[in-house]
Each structure stands twice: as C-alpha cells, then as structure tokens.
Amino acid sequence: MTIQLGIPVLRPAGNDNQGSAPISRPAGLPSKLLDRFGRQATDLRLSVTDKCNLRCTYCMPADGLQWLPKEAVMTAAEIQRIVGLGVERLGVRELRITGGEPLVRPDLVDIIAAVRERHQQLPISMTTNGVGLAQKAQALRDAGLTRINVSLDSLHEDTFTQLTRRPFLSKVLDGVDHARAAGLGPVKINAVLMRGINDHEAPALLEWALDRNVELRFIEQMPLDAQHGWTQREMITALEIRTLLSTDFVLERDRQLRDGAPAERFEVRRRNASAAEASGPVLGTVGIIASVSEPFCADCRRTRITAEGKIMSCLFSREEFDLLGLLRSGADDDELVRRWQDAMWAKPRAHGMDHAGLGTSEFVQPDRSMSAIGG
Ligand code: SAM
Ligand code: SF4
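Bear in mind the structure is a predicted one, so any value in this text is a computation, not a measurement.

A. Up close: the site of ligand 1. Not every one of the 18 residues close to ligand 1 is listed here, only the nearest: Tyr58, Gly100, Ser151, Asn190 and Met222. Tyr58 is positioned with one of its backbone polar atoms (N or O) 2.9 Å from a nitrogen atom of ligand 1. At a separation of 2.6 Å, an oxygen atom of ligand 1 approaches a polar side-chain atom of Ser151. A total of 540 Å² of accessible area belongs to ligand 1 in isolation, and the protein chains cover 95% of it. Elements supplying a minimum of two residues to the shell around ligand 1: strand S4 (124-128) and strand S6 (188-192). Grouping the constituent residues of the shell around ligand 1 by class yields six nonpolar, ten polar and two charged.

See the structure below:
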C-alpha cells in the first residue's frame, strides 16, 4: 500500500534506502553489527511474542491479528542462544524485551532470569502495556530485569478504553505503582497522542508523571498499524506536542549528549501564569520521540529480532532475515553470527520519511504492524 505522507523523501542512489538486491558485506570487517553507513547496532530489541491482550487503535485491528502458531515462536532456549551470540560475539550492550505484549508469555520471568544468569552486567529493560504487571513486577525485578517502560495514553477510563479497546486502565495504573515499588526504576511511560482523542491530555499526563517521578515520553504515531490507517494529518507532531505542553510548562532542551537515544529530552518547569517564562525549580524531564517529523536514523543503534526469530535492521524494513530458521536447521554459531551481520549490513540509510526538501513524497508502509515487529 502506498501512503502519501506529504513529507518529501530522498531515494538515495544505489537503492540503499529499501534495497531489494542482495548487499554483500566486505570480508575482514570487525565482528560487530555494522552497516554500510558507519553505524553499529549495540541495542537489541527482542520480541518474545506477537500476542497481545489490548487492541490499540494505532497498532492492531479490533479483531486482533492471526497469531503465530506456538511452534513458530522462539523457545526460551533459542532466545538464550540468540542473546548470547549478540552479547558475546557481536557487541550487543543492551537488551530490551518487547512484543506483542511480553507479559502474556508464561515463561517470561524464566527467560529474564536465564539471560541475567549468563550476562550479569547486561542492562535488560522491557516495554509493556502494564496489564498484569502488578502481579509480576517483583518477580521480574528479582529475575534481573533492570528497567521498565509502561505504555499509557490516557488517564480517563473512557478514552483509555476507546484507544485500547479494553477497559483496563486501573490495571495499568496499578502496574505502574507496583513497578515503582519493586525498584524497576526509572520507570518510563510511553504515550502516543491521537488527534481529537487524547491530545488534550498531554499536560495532564505530564503532571501525573511528574507527581510520581516517572519519566514520560511521547511517541509520534508511526505508520505501523496493521490496518494501514495512518495519515499524516492525524499524527500529532513533536512540534505540536511541545506546543500542547507549553500551556502549563516551559521546556528547555536537556544539554546532555543524546548518545543514540530516540527521545529528545527536555527539562520541565512550571509556567508562571503572570510571567511569560518559567518560574521555580526543574520538576523533572519529558522525552519526545519524533520518529516521523525529526528522524534520528543517522544515529540508530538498534537491531531487532521478531518473535519468530527474523532479524529486522529497521522498524520500517521490508526485508527480513530468518535467523531462527537457520538456527533450527543446525547452523553453528559462526553461521548465525554471519547471517546477523549480513542482515545489519543491509540496514537502510533511513526509514524513507526524512530528507525534507528532496525527491518525491512516496513512502511504502511495511506489511508488519508494530506488534508483529516489537517496538
Ligand atoms: N505491548 C507493549 C506495549 O504496548 O508497551 C510492547 C509492544 S508495543 C508495539 C511498544 C510500543 O510501541 C508501545 O509504547 C506502543 O505505544 C508503541 N506503538 C505501537 N504502535 C505504534 C505506532 N503506530 N506508532 C507509534 N508507536 C506505536
Ligand atoms: Fe498491544 Fe502494545 Fe500494540 Fe497496544 S501497542 S496493541 S499493547 S502490542
């Protein structure tokens, strides 16, 4: 399906943006996850399931998706082997567990405990919708999970239910409290704003997060919904988010080095009604992930493995490399390492929605939804 984004894109020479021709990796490169544009992937996003117990409108259709058969999904042992290769052979320095919804996987705590046992120093984080987190937060912490991101788009029961198509707001709020109590800090909150639905809640969400000392991050809605309903007009841009927040707060760009982080961080002060500028102390920080309007592809450090063991070098890749199939065919570690390196070498320069001012405005949405990739 072709979407007219209205944001001009550059199609680089040599079809390196979303190339279809095989791209061969030169011999003699260091044993790392390098790509043709000088980036090194050190941050592994690994999906443990494609299933989910919510149906967020910007991610899944109301009826859900056709789930993968159990035998197609990586087993705990296969996950251990793949993470081990990433960390011990390929320079992975950080692991994020994601999904689908990772908490619906029954052996999640065991998976994390096994990774922790083998990789004592590895930061292990997880992104979750928070449903069921209250019951699992302490066990996850005890197993060795370092940090957690909880997705929460609205503080109003009706709006939450409209957005997720499930009435589970209180479960998520309870989950956030339990994650904090279990020491899974700093807890971060991911919020996607939808025009006319929850965009007016931006300042209230920030107020709520500041009160609890959790870091809120707004994520621009990306064209990664299964139903391909994304439109640029509906997307709330980073600029709009800053404007929405400015009614109550003054934001000042955090001067710390971004260091590959997707979120641009801002220090937050309260806006003094009588003065044009900020008053009082810094209350905390807020992050804005402007994947569409202010992309950060040039400094991307991510490599992704889907629940069925496919390597994706980019969220928007339309090429996948079957690592699990190779592993199950009896491949040795060297072959698996080579496959992973080859996949990353072919990583596109950019997702194709950037480079304003040049080229056409065509963007082809990948077939996979965010839930089937692992966001
Ligand atoms: N189910 C878990 C959750 O929702 O946190 C983990 C997987 S979910 C795919 C990871 C993150 O992707 C969530 O924060 C969610 O809000 C975000 N997400 C999903 N679809 C998105 C889209 N189309 N644009 C931007 N973010 C999206
Ligand atoms: Fe499920 Fe997360 Fe997608 Fe929502 S965003 S439907 S919780 S995978």
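B. Here's a closer look at the pairing of strand S11 (residues 302-305). Going residue by residue along S11, you find Arg302 and Arg304 tucked away on one face and Thr303 and Ile305 tucked away on the opposite face as well. When strand S2 (residues 43-47) meets S11, the two strands line up parallel, connected through four bridges. In the sheet register, Asp43 faces S11, and the bridge partner there is Arg302. Note: S11 against strand S12 (residues 310-312), two bridges, orientation antiparallel. Bridging across to S12, Ile305 finds its partner in Ile311. Between S11 and S12, which pair antiparallel in sequence order, lie four residues; one of them, Gly309, sits at a positive phi of approximately 75°.

C. Structural view of the environment of Leu46. Following the sequence through the fold, Leu46 ends up in strand S2. On the basis of relative accessible area, Leu46 is assigned to the buried category, the value being 0%. Residues Leu46 and Ile97, spaced 51 residues apart in sequence, show a C-alpha to C-alpha distance of 5.1 Å. Sequence-distant contacts of Leu46, that is, excluding residues within four places in its chain, are made with Met74, Ile79, Val83, Leu95, Arg96, Ile97, Thr98 and Ile305.

D. Spatial organisation of the site of ligand 2. Taken together, Cys52, Leu54, Cys56, Cys59, Met60, Gly100, Asn129 and Ser371 make up the full set of residues adjacent to ligand 2. Its residues assigned to classes, the shell around ligand 2 comprises five nonpolar, three polar and no charged.

E. Representation of the nonpolar core in the model. Leu46, Phe218 and Trp340 are the most contacted members of the largest nonpolar core, which has 97 residues in total. Those residues within four positions of Phe218 in sequence are excluded, and the remaining contacts are Ala191, Leu193, Ala202, Leu205, Ile241, Leu245, Val286, Gly287, Ile288 and Ile289.

F. Structural detail: helix H3 (residues 133-143). Taken together, the buried positions of H3 are Leu133, Ala134, Ala137, Leu140 and Ala143. Viewed end-on, H3 has its buried residues packed into an arc of 160°, placing them on one side of the element. Along H3, exposed side chains directed more than 90 degrees from the buried face belong to Gln135 and Asp142. Looking at the buried side of H3, the elements it contacts are helix H2 (108-118), S4, strand S5 (147-151) and helix H5 (169-181).

G. Examining the side chain of Glu215 more closely. By the element assignment, Glu215 lies in strand S7 (residues 215-219). Among residues more than four places away in sequence, those in contact with Glu215 are Val187, Lys188, Ile189, Arg265, Thr285 and Gly287.

H. A look at the pairing of strand S3 (residues 94-98). Burial runs high along S3: four of the five residues are buried. As paired strands, S2 and S3 are joined by five bridges and run parallel to one another. Following the sheet pairing, Leu44 is matched in S3 by Leu95. Crossover connection from S2 via helix H1 (residues 76-89) to parallel S3: handedness right-handed.

What counts, and at which threshold
- Residues numbered from 1 in each chain as written.
- Chains lettered and ligands numbered in written order.
- Predicted model: local features only at pLDDT ≥ 70, side-chain atom pairs only at ≥ 80, totals over all residues.
- Heavy atoms only, no water.
- Near = heavy atom within 4 Å.
- Polar contact = N/O pair within 3.5 Å; in protein donor to acceptor, adjacent residues only side chain to side chain.
- Areas by Shrake-Rupley, 256 points an atom, 1.4 Å probe, with all protein chains shown as cover.
- Helix = DSSP H or I, 4+ residues; strand = E, 2+ residues; numbered from the N terminus.
- Nonpolar A, V, L, I, M, F, W, Y, C, P; charged D, E, K, R; others polar.
- Buried < 20%, exposed > 50% of the residue type's maximum accessible area, 1.4 Å probe, protein only.
- Pairing = 2+ DSSP bridges.
- Contact = heavy atoms within 4.5 Å.
- Core = buried A, V, L, I, M, F, W, Y, C linked by side-chain atoms within 4.5 Å.
- Arc of directions from axis to C-beta.
- Right-handed = clockwise from strand over helix to strand, strands pointing away.

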